[in-house]
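Here's the letter readout for the chains.
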Amino acid sequence: MRVDSKVESDPLRRRLRRISASERMEEALGFIRQFHREVAGSRGLEVRLKEVRQSLRRTGTYEHTPEELAFGARVAWRNHARCIGRLHWRSLEVIDRRGTREPDAIATALFEHIRWAQGDGRIRSAITIFDPVSPGDLPPFVESRQLIQYAGHLRPGARVLGDPQTVESTRHAAALGWRPSGGEPSRFDLLPLLIRSAAGQRSAHPLPEGLVREIHLEHATETGLGRLGLRWYALPVVSGMILTIGGLEYPCAPFNGWYMGTEIASRNLADERRYDLLPEVAAALGLEAVDGSLWRDHALTALNEAVLHSFQREGVSIVDHHAASEQYMEFARTEEGHGRTPAGDWTWIVPPQASSACPVFHLDMQPRTEVPNYYWSRAVDGDDLCLWRDHEDHSKWWFRAHRIRHRVRRWLRTKGE
Ligand code: ARG
């Protein structure tokens, strides 16, 4: 482990939701009620409400039981409007690591998470949860957006080598002495984990040799594609989001699912701001990049085929966008069956490939932002989150009124700053 001696201003504080003590109380009690309604039954509810109320009044915080924590993390997933894979929300494995605070120990726990979730290729969804924020304590957290990611090397006068999304992390890692494992920078260098300690110090923790499963990409029939030397990792572990449950913020709670093919093929490798590989792929397919020829569409389809084919060849879990859409439809039906309307953000749920051929394209969605949930920062999505008083199917107008009320409250609060 390498440690940065500089203590900088803490970027975490600026990302946390701003909620008043009374909103925190409301969210806490609302969550405890929900936990009892859905899981624990009415026994013990009143005692627990009283306990939480008192603890919040006295100390400004309270502690979730392991059962509440597990339920909260799963419901946060169920509530997350941008995720198409929520059919499986109940199966999330929750690893409770509250109390682990040393950066080295955190890194070790997260390597263990990766090992377990990757398994033998049949990926299992998991979340590892560390300490929540409490009055006077900003706990350590992972600064990297994902536990596993490729470096982006800035080169003067040339394109970024690798993933342009990680240029800043790559710079931080390099400042801590990290060098690509092959010596020379390449397109697919695994970055170390960047962790911020409670004292605000950044440290870099290289992923142990052999831990990360990566898949070499090739196409079943287009051999030229396999010669490009493309690859991707098996496990997406989002570590840059904050988990909020019952008014408590958990800034260090990395979670994983498995990939939908388009995330890699249509976005990570294809976006101009990412690997921008469509011209290279088209050339490998022998396509001429002529306007009006739909060469990008052909390249995208071939790249998607290659990703699905390669993961399947290696026995690593992956879902194509048609199957994922079907699963989302099933999720929506199951939720309705429980008297709940799933929150859905159409712009995120609809896959970037064959959109209108996927049933979700034609589905009406409510982009509700309900707690418990996961968010990046208050500026992006955190300040929109709020408690929904009941689980009835609200009318569009009720929904709009609620949003406006929430916005006014938020405005009143920020005005004072
Ligand atoms: N879109 C991100 C990526 O391409 C991963 C986000 C989470 N995805 C998932 N299937 N659980 O790396």
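Attention here is on the structure that accompanies the text. (Residues numbered from 1 in each chain as written. Predicted model: local features only at pLDDT ≥ 70, side-chain atom pairs only at ≥ 80, totals over all residues. Heavy atoms only, no water.)

**Topic: helix H1 (residues 21–40)**
Because each turn of an α-helix spans 3.6 residues, side chains separated by three or four positions in sequence point in the same direction.
Part 1 of the argument: Taken together, the buried positions of H1 are Glu23, Met25, Glu27, Ala28, Leu29, Gly30, Phe31, Ile32, Gln34, Phe35 and His36.
Part 2 of the argument: Downstream of H1 by one or two residues, Gly41 has phi in the positive range, about 80 degrees. (Buried < 20%, exposed > 50% of the residue type's maximum accessible area, 1.4 Å probe, protein only. Helix = DSSP H or I, 4+ residues; strand = E, 2+ residues; numbered from the N terminus.)

**What about the sheet that holds strand S17 (residues 373–375)?**
Part 1 of the argument: Spatial ordering of the open sheet is given by S13-S12-S17, a layout of three strands whose pairing is antiparallel. Pairing within the sheet leaves two strands with one partner each, and these edge strands are strand S13 (248–250) and S17. The average undirected angle you get between the axes of adjacent strands in this sheet is 30 degrees. (Pairing = 2+ DSSP bridges. Axes fitted to C-alpha atoms, helices over the stretch in contact; angles between N-to-C directions.)

**Quick look at the site of the ligand**
Part 1 of the argument: Looking at the ligand, the residues that line it are Gln146, Tyr233, Pro236, Val238, Gly257, Trp258, Tyr259, Glu263 and Asn268.
Part 2 of the argument: Here Trp258 contributes a backbone N or O atom positioned 2.6 Å from a nitrogen atom of the ligand.
Part 3 of the argument: Here the ligand loses 70% of its free accessible area of 350 Å² to cover by the protein chains.
Part 4 of the argument: More than half of the atoms of the ligand fall within 2 Å of the grid points belonging to the largest pocket.
Part 5 of the argument: Partitioned by chemical class, the residues of the shell around the ligand number five nonpolar, three polar and one charged. (Near = heavy atom within 4 Å. Polar contact = N/O pair within 3.5 Å; in protein donor to acceptor, adjacent residues only side chain to side chain. Areas by Shrake-Rupley, 256 points an atom, 1.4 Å probe, with all protein chains shown as cover. 1 Å grid on protein atoms, 1.4 Å probe; cavity = no way out; pocket = protein on both sides within 12 Å on 5 of 7 lines; lining within 4 Å. Sits in = over half its atoms within 2 Å of the grid points. Nonpolar A, V, L, I, M, F, W, Y, C, P; charged D, E, K, R; others polar.)

**Focus on the packing of H1 against helix H2 (residues 45–59)**
Part 1 of the argument: Relative to each other, H1 and H2 sit at 160 degrees, their axes nearing to 10 Å. As far as their axial angle goes, H2 and H1 are roughly antiparallel. For the pair H1 and H2, the crossing hand works out as right-handed. Residues Arg24, Met25, Ala28, Leu29, Ile32, Arg33 and His36 of H1 form the contact with H2, whose participating residues are Leu45, Arg48, Leu49, Val52, Arg53, Leu56 and Arg57. (Parallel < 35°, antiparallel > 145°, perpendicular 65-115°, else oblique. Left-handed = near helix turned anticlockwise from the far one by under 90°. Contact = heavy atoms within 4.5 Å.)

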